[in-house]
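Here is what each chain is made of, one letter per residue.
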Amino acid sequence: MNAKNLEIYTDGACRGNPGPGGWGALLLYGDKQKEMYGGEQHTTNNRMELLAAINALKTLKRPCELTLYTDSQYVRKGITEWIEGWKKRNWRTAAKKPVKNDDLWRMLDEQVNRHQVKWVWVKGHAGNEGNEAADQLANRGIDELAINAL
């Protein structure tokens, strides 16, 4: 699918870091949209940011050309700048320490290799409609954890 107009907005949220967390993704294609979200009881904000992108890309049934918007410099720089060095160093940082969240980075790398992804950073909580929607979805993921725990 040559879906150049496919846009994905992703966000992660955590109440406490670590603490209960949620991820959200909004997929937009033409007049269609899909909302996705989930959560984990004990996690970090960075893990939720990564899971938002992983789960959004995983839902695509065939290779796509798309733009993914994130307010996480950790995710954007990790996948566009740092990951190749990590792989060359066997998932070690330049300081020879294990890469944090390497399990999720490996999953994201696998998904990204299926698609042509243009990564765009957006300032969080600054009125960007797609980012605000992804943030609401991430928080819904946390809220539903609390409800399901009752």
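See the structure shown above.
These numbers were taken from a predicted model, which means no experiment stands behind them. (Residues numbered from 1 in each chain as written. Predicted model: local features only at pLDDT ≥ 70, side-chain atom pairs only at ≥ 80, totals over all residues. Heavy atoms only, no water.)

Asks: What is the right way to look at the pattern of salt bridges in this model?
Replies: Proximity of charged atoms lets side chains of opposite charge pair with each other. Counted under the stated rule, the structure contains 6 salt bridges. Glu35 is the salt-bridge partner of Arg140, the closest N and O atoms lying 4.0 Å from each other. A residue pair is termed long-range when its members are at least 10 positions apart, and Arg140 in helix H4 (residues 129-149) and Glu35 in strand E3 (residues 32-43) qualify at 105 residues. What makes Glu35 partly exposed here is its relative accessible area of 42%. The closest approach of N and O atoms between Arg106 and Asp102, which form a salt bridge, is 3.2 Å. Taken as a pair, Arg106 and Asp102 lie in helix H3 (residues 102-112) at a separation of 4 residues, close to a single helical turn. Several salt bridges converge on common partners, so that one network encompasses Glu84, Lys87 and Asp109. (Salt bridge = Lys/Arg side-chain N within 4 Å of Asp/Glu carboxyl O. Helix = DSSP H or I, 4+ residues; strand = E, 2+ residues; numbered from the N terminus. Buried < 20%, exposed > 50% of the residue type's maximum accessible area, 1.4 Å probe, protein only.)

Asks: Is there a simple way to think about the pairing of E3 in this case?
Replies: The sheet contact formed by strand E2 (residues 19-29) and E3 spans 10 bridges and is antiparallel. In the sheet register, Gly22 faces E3, and the bridge partner there is Gly39. Hairpin connection between E2 and E3: a loop of 2 residues separates the two successive antiparallel strands, and Gly30 in this loop has a positive phi of roughly 60 degrees. (Pairing = 2+ DSSP bridges.)

Asks: Even after reading the chapter, I still don't get the sheet that holds strand E1 (residues 6-14), so can you show me in this structure?
Replies: Strand pairing in a sheet relies on backbone hydrogen bonds. The paired strands run either parallel or antiparallel. Read across the open sheet, the 5 strands follow the order E3-E2-E1-E4-E5; overall the sheet is mixed. The open sheet is flanked by E3 and strand E5 (116-121), the only strands paired with a single partner. With strand direction ignored, the average angle separating the axes of adjacent strands in the sheet is 20 degrees. By the bridge criterion, 8 bridges tie E1 to E2 in an arrangement that is antiparallel. Of the residues in E2, the one forming a bridge with Asp11 is Gly24. (Axes fitted to C-alpha atoms, helices over the stretch in contact; angles between N-to-C directions.)

Limitation: the analysis is restricted to geometry and does not speak to function.
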